[in-house]
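Structural overview
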Amino acid sequence: MRLHVGVPLWVNQDSASKRRRYPALRGATAADVAVIGGGMTGAGIAYVFAEAGVNVVVLESKHVGGGSTAASTALLMQETDEDLRALDKRYGRARAERIWHLGRTGVRDLVATMRQLRVPCDLAMRDSVHFTTDQRRVDDLHAEYRRRRDAGLATMWLDASSLRAGTGIDGEGAIRTRGNAQVDPHRGCIGLLRAAARRRARIFERSAAHRIDASGEGVVIHTRGGIVSAGRVIIATGYATPAFAPLVGRFQMKHTYVLATRPLRAHERRAVGLGDVLLLDTREPYHYARWTGDRRLLLGGEDRPVLPPSRRRHAFTVSRARLRDYYVKLLPALHEIDIEYAWEGLFARTADGLPFIGPHRRYPRHLFALGYGGNGMTFGFLAARLLLDTFLERGNEEDLELFAFGRFRKKAISCRSR
Ligand SMILES: Cc1cc2nc3c(=O)[nH]c(=O)nc-3n(C[C@H](O)[C@H](O)[C@H](O)COP(=O)(O)OP(=O)(O)OC[C@H]3O[C@@H](n4cnc5c(N)ncnc54)[C@H](O)[C@@H]3O)c2cc1C
């Protein structure tokens, strides 16, 4: 499946000629761990494992960072796709809070790692503002705020006038949460892979894994030009590809749309009125916006279930017009501002909006890190840490259970409180 349509801003700005290309795999090689997929998740896994001294090979079917990662708007959010209250209802208080705590840890960890490695990727800390313009939703949003506050999250309530002052939006109220961030996902991914390569990870592009044979001792992965023998394979392909047919039904594929304006001058930014925050509404499907390092406004949303390829282009045209209309109503000064980029990307959502991280009983010697919904930057990196713990047998079963394939079957699972 094509993972995006239209040229995302990041790909255009970080032209292929400026970055190192990795070779295709030729012949036979061996590793402790083979990672399938060279997006943000595969990059995080390659770095974290190589940093721990594990011998890693990454196989990417096309070019690294060119899948959903290239299309991402890369808000690094501790907030999960489902609110804390919704996760409470599903899994109980302790598990829901633990999941949110892990989200916060994931953002902190990714930010600290990028900073320590000095990855040039426009990384910046940002508060999120989750707002509503609908009077009927205010009580619910306020209840969510109280739930987050009681869980110890760094959050505050914005009434209509504070919302207006901070965002330029005429709304009813909002939750402002500290500790989130934003990044250029393409450069972030390339930077993590470079850091992994400096720690002896071997990365291969144009090397699709066509077949994986697993036995008690390990796996043998076949590409067109070579084979990798490894103790374990980690599947970081974003969602279950047809090679994992029994798992495909676990994922709902969605199209999502993004616009990027031209860079705005200071007086234009003042007229728009939106501060340096990550903006999200409470609609279904939701909308979100943020500034880029070069002062463009990224406007995203209008998700819809996956369409047949023949209808994808038309849906792209319709959805980007809808997206623009929505934002012009919300922030009227955008009426004057040209849109320079528009693109559409695919992402995979699970039934509870949380990823699948860990083993699956059908697939020996495999580990998976798939299906992040709108939260792959944060949870992809968290997956890298959790999977390293698993690989090194460092006993993180309670956290892994939160993201296990079997979690929908288990009603009551114990969870340590924070
Ligand atoms: C428009 C858009 C906006 C988004 N915004 C956000 C956001 O603001 N914040 C956030 O956290 N997340 C966001 N997401 C989600 C996030 O971008 C993804 O969850 C994340 O990029 C997934 O990274 P990945 O490495 O798992 O997958 P990908 O980046 O898709 O990488 C998977 C790679 O696997 C490769 N591959 C597939 N099959 C094989 C094979 N057989 N052999 C070898 N390689 C293979 C593919 O070529 C691909 O490069 C957004 C997604 C989209 C589309």
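Residues numbered from 1 in each chain as written. Predicted model: local features only at pLDDT ≥ 70, side-chain atom pairs only at ≥ 80, totals over all residues. Heavy atoms only, no water.

So, about the pairing of strand 5 (residues 124–132). Within strand 5, eight of the nine residues are buried, which leaves it mostly tucked inside the rest of the structure. With eight bridges connecting them, strand 5 and strand 7 (residues 173–182) associate as antiparallel partners. Looking across to strand 7, one finds that Phe131 is bridged to Ala174. In the sheet, strand 5 pairs with strand 13 (residues 277–281) via five bridges, with the strands oriented parallel. Residue pairing across strands places Ser128 opposite Leu278, the latter belonging to strand 13. (Buried < 20%, exposed > 50% of the residue type's maximum accessible area, 1.4 Å probe, protein only. Helix = DSSP H or I, 4+ residues; strand = E, 2+ residues; numbered from the N terminus. Pairing = 2+ DSSP bridges.)

As a further point, take the pairing of strand 2 (residues 27–36). Where strand 2 meets strand 11 (residues 226–238), nine bridges bridge the pair, whose relative direction is parallel. Note that in strand 11 the partner of Ala28 across the bridge is Ile227. Of the pairings in the sheet, the one linking strand 2 to strand 3 (residues 56–59) comprises four bridges and is parallel in character. In the strand pairing of strand 3, Ile36 is matched with Leu59. Running through helix 2 (residues 40–51), the crossover from strand 2 to the neighbouring parallel element strand 3 is right-handed. (Right-handed = clockwise from strand over helix to strand, strands pointing away.)

A few words on helix 2. Compared with the 16 Å implied by 1.5 Å per residue over 12 residues, the 16 Å span of helix 2 between its first and last C-alpha is a close match. Counting buried residues along helix 2, 11 of its 12 residues qualify, which places the element largely inside the surrounding structure. For helix 2, the full list of buried residues reads Met40, Thr41, Gly42, Ala43, Gly44, Ile45, Ala46, Tyr47, Val48, Phe49 and Ala50. (Expected span 1.5 Å × (residues − 1).)

Near the ligand lie 34 residues; those nearest to it are Thr41, Glu60, Thr69, Thr73 and Met377. One of the backbone N or O atoms of Ser61 is found 3.0 Å from a nitrogen atom in the ligand. One of the backbone N or O atoms of Leu75 is found 2.9 Å from a nitrogen atom in the ligand. Taking 1,000 Å² as the accessible area of the ligand by itself, protein coverage stands at 92%. (Near = heavy atom within 4 Å. Polar contact = N/O pair within 3.5 Å; in protein donor to acceptor, adjacent residues only side chain to side chain. Areas by Shrake-Rupley, 256 points an atom, 1.4 Å probe, with all protein chains shown as cover.)

Before going further, it helps to spend a moment on the packing of helix 2 against helix 12 (residues 376–391). For the pair helix 2 and helix 12, interaxial distance at closest approach is 8 Å and the crossing angle is 40 degrees. As judged from the angle between their axes, helix 2 and helix 12 are oblique. Helix 2 and helix 12 meet at a crossing whose hand is right-handed. Of the residues in helix 12, those touching helix 2 at Met40, Thr41, Gly44, Ile45, Val48 and Phe49 are Met377, Gly380, Phe381, Ala384, Arg385, Leu387, Leu388 and Phe391. Taken together, the residues of the contact of helix 2 with helix 12 break down into 10 nonpolar, three polar and one charged. (Axes fitted to C-alpha atoms, helices over the stretch in contact; angles between N-to-C directions. Parallel < 35°, antiparallel > 145°, perpendicular 65-115°, else oblique. Left-handed = near helix turned anticlockwise from the far one by under 90°. Contact = heavy atoms within 4.5 Å. Nonpolar A, V, L, I, M, F, W, Y, C, P; charged D, E, K, R; others polar.)

Each pair of aromatic rings is reported with the distance of its centres and the angle of its planes. Counted according to the given criterion, the structure contains 13 aromatic pairs. Summarising the aromatic geometry, the rings of Tyr363 and Phe368 are spaced 5.8 Å apart at their centres and angled 65 degrees between planes, so their arrangement reads as edge-to-face. Judged by relative accessible area, Tyr363 falls into the buried class, the value being 14%. Ring plane angle 65 degrees and centroid distance 6.1 Å describe the contact between Phe379 and Phe403, whose orientation is recorded as edge-to-face. Here Phe379 is found in helix 12, whereas its partner Phe403 is found in the segment after helix 13 (397–402), with 24 residues between them in sequence. We classify Phe379 as buried; its relative accessible area is 2%. (Phe/Tyr/Trp six-rings, centres within 6.5 Å; stacked < 30°, edge-to-face > 60°.)

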